[in-house]
Number of protein chains: 2
Amino acid sequence: MSKNSPRRFTKQRRLVHDAVIHRVDHPTAKDIFHELKGTGIGIATVYRQLASMVEDGILTTVDYDNETRYDPLTSPHAHLICSICNKIKDIELPKGIDNLTPEKLSFEINEIELTWKGICDDCQN
Amino acid sequence: MSKNSPRRFTKQRRLVHDAVIHRVDHPTAKDIFHELKGTGIGIATVYRQLASMVEDGILTTVDYDNETRYDPLTSPHAHLICSICNKIKDIELPKGIDNLTPEKLSFEINEIELTWKGICDDCQN
DNA sequence: AAATTTAATGATATTGGTTATCAATAACAA
DNA sequence: TTGTTATTGATAACCAATATCATTAAATTT
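Residues numbered from 1 in each chain as written. Chains lettered and ligands numbered in written order. Predicted model: local features only at pLDDT ≥ 70, side-chain atom pairs only at ≥ 80, totals over all residues. Heavy atoms only, no water.

Remarks on the protein's contact with DNA strand D
With respect to spatial proximity, 24 residues lie near DNA strand D, and among them A:Thr10, A:Thr45, A:Arg48, B:Phe9 and B:Thr68 are the closest. Protein-adjacent atoms of DNA strand D, using a 4 Å cutoff, are sugar or phosphate at a proportion of 60%. Between A:Thr10 and DNA strand D, the recorded distance is 2.7 Å, taken from a side-chain N or O atom to a phosphate oxygen. Take B:Lys30: an N or O atom from its side chain is 2.9 Å from a phosphate oxygen of DNA strand D. Elements supplying a minimum of two residues to the surface near DNA strand D: α1 (11–20) and α3 (43–55) of chain A together with α3 (43–55) and β2 (67–71) of chain B. Of the residues forming the surface near DNA strand D, the biggest block, five residues, is contributed by α3(A). (Near = heavy atom within 4 Å. Polar contact = N/O pair within 3.5 Å; in protein donor to acceptor, adjacent residues only side chain to side chain. Helix = DSSP H or I, 4+ residues; strand = E, 2+ residues; numbered from the N terminus.)

Next comes the structure, spelled out in structure tokens:
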């Protein structure tokens, strides 16, 4: 989960952390980079810090539309994605989703990913 | 879903169709391309034909590890993915997964995506 | 069976997200 | 303060996927 080498608390790490930790809209690395444009941070550092925060269990990822998006909500949950505006919303997992099935018995489950795709109320017009 | 213009039944379309239609291992476009190497088919045509088969509802896609994989099973189902060997297995959706939740009420749901990630029996040693 | 139309093909350039490289910098320890 | 080394920033490289475009070949018409 966390790296062996000690993690240094650079100002760039704090910048990325503070920029992403309260976001509920699942920003991409480029979104965070643009938000931090005034600070002179490099795009590679944004990618690296976001990846290290995922390693540390501070963020989770949502892959959508061939881009990695970041989510500070780390407890198990599901997503609603609007295929028009591409907005992603965190929602609760349905009860009983983890009931065992025959096939899952042979698996050592680490993670669940549940997404409904559709059209959000704003885009239904 | 399907295109307006008439679809021509080229030999390349048949090649890609026959190469993917019975696969249960969720191949990538490159996998299909390599299987068809002896035929002289171009990589762009493989991508195009797979995309058109998805358009036509003959295939579904599974995005994993930054690659699109193709699945001839088009009825709603879930996936088990082994994060060691990257094998993907089709499994049944749990009963009652589509029960409405408050958040989903405002959504027009088109698609469900459910994946468990873990370690398959072969990779547990 | 030609001739015609135009979708499809194949080679390859391009795109776009992401990662690798590496000299310079700065965080932390001594 | 000095030394060690993880981190940074600029940018090259990577790679799946798409766009471009002259050529080919299905499907239709004559």
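Points about the relation of the copies chain A and chain B
When chain A is brought onto chain B, the operation consists of a screw motion whose angular component is 180° and whose axial shift is 0.0 Å, with 0.1 Å RMSD remaining. Those values place the two copies in the arrangement expected of a two-fold rotation axis. By C-alpha distance to the rotation axis, the residue of chain A lying nearest is A:Leu114, at 2.2 Å. An overlap of 100% is found between the interface residues of chain A and their copies at the interface of chain B, pointing to a shared contact surface. (Least-squares fit on C-alpha atoms with pLDDT ≥ 70 in both. Contact = heavy atoms within 4.5 Å.)

Side note on α1(A)
All names here are of chain A. All buried positions along α1 are accounted for by Arg13, Val16, Ala19 and Val20. Axial view of α1: buried residues confined to an arc of 135°, hence all on one face. Exposed side chains of α1 directed beyond 90 degrees from the buried face belong to Lys11 and Arg14. (Buried < 20%, exposed > 50% of the residue type's maximum accessible area, 1.4 Å probe, protein only. Arc of directions from axis to C-beta.)

Looking at the pairing of strand β5 (residues 108–119) of chain A
Pairing between strand β3 (residues 78–82) of chain A and β5(A): four bridges, direction parallel. From the neighbouring strand, A:Cys82 faces β5(A), where its bridge partner is A:Gly118. In terms of strand pairing, β5(A) meets strand β5 (residues 108–119) of chain B through 11 bridges, oriented antiparallel. Opposite A:Gly118, over in β5(B), you have B:Ile109 as the bridge partner. (Pairing = 2+ DSSP bridges.)

Overview of the protein's contact with DNA strand C
The environment of DNA strand C is formed by 24 residues, the closest being A:Phe9, A:Thr68, B:Thr10, B:Thr45 and B:Arg48. Here a sugar or linking oxygen of DNA strand C sits 3.0 Å away from a polar atom, N or O, in the side chain of B:Gln12. If you list the elements that add at least two residues to the surface near DNA strand C, you get α3 and β2 (67–71) of chain A together with α1 (11–20) and α3 of chain B. Split into classes, the residues belonging to the surface near DNA strand C amount to seven nonpolar, eight polar and nine charged. (Nonpolar A, V, L, I, M, F, W, Y, C, P; charged D, E, K, R; others polar.)

Regarding the environment of B:Cys120
Structurally, B:Cys120 is set in the segment after β5. When its relative accessible area of 8% is taken as the criterion, B:Cys120 is described as buried. The contact partners of B:Cys120, leaving out residues within four places of it in the chain, are A:Ser106, A:Phe107, B:Cys82 and B:Cys85.

Things to note about the sheet that holds strand β3 (residues 78–82) of chain B
The strand order β4(A)-β3(A)-β5(A)-β5(B)-β3(B)-β4(B) describes an open sheet built from six strands, whose pairing is mixed. Only two strands of the sheet have a single neighbouring strand rather than two, namely β4 (88–91) of chain A together with β4 (88–91) of chain B. Averaged over all adjacent pairs, the angle separating strand axes in this sheet is 25°, with direction ignored. (Axes fitted to C-alpha atoms, helices over the stretch in contact; angles between N-to-C directions.)

As for the domain arrangement of chain A
Residues and elements named next belong to chain A. Under the domain assignment used here, chain A contains domain 1 (11–71) and domain 2 (78–124). Each of domain 1 and domain 2 has a C-alpha centre, and these two points are 22 Å apart. The partner domain 2 presents nine residues to the seven residues of domain 1 that form the contact. Across the interface of domain 1 and domain 2, roughly 650 Å² is buried in total on both sides, 55% from carbon and sulfur atoms. Of all residues in domain 1, the largest losses of buried area upon contact with domain 2 belong to His26, Val62 and Tyr64, amounting jointly to 69% of the total for that side. Across the contact surface, domain 1 and domain 2 share zero salt bridges. (Domains from an automatic or database assignment. Buried area = accessible area lost by both parts, 1.4 Å probe. Salt bridge = Lys/Arg side-chain N within 4 Å of Asp/Glu carboxyl O.)

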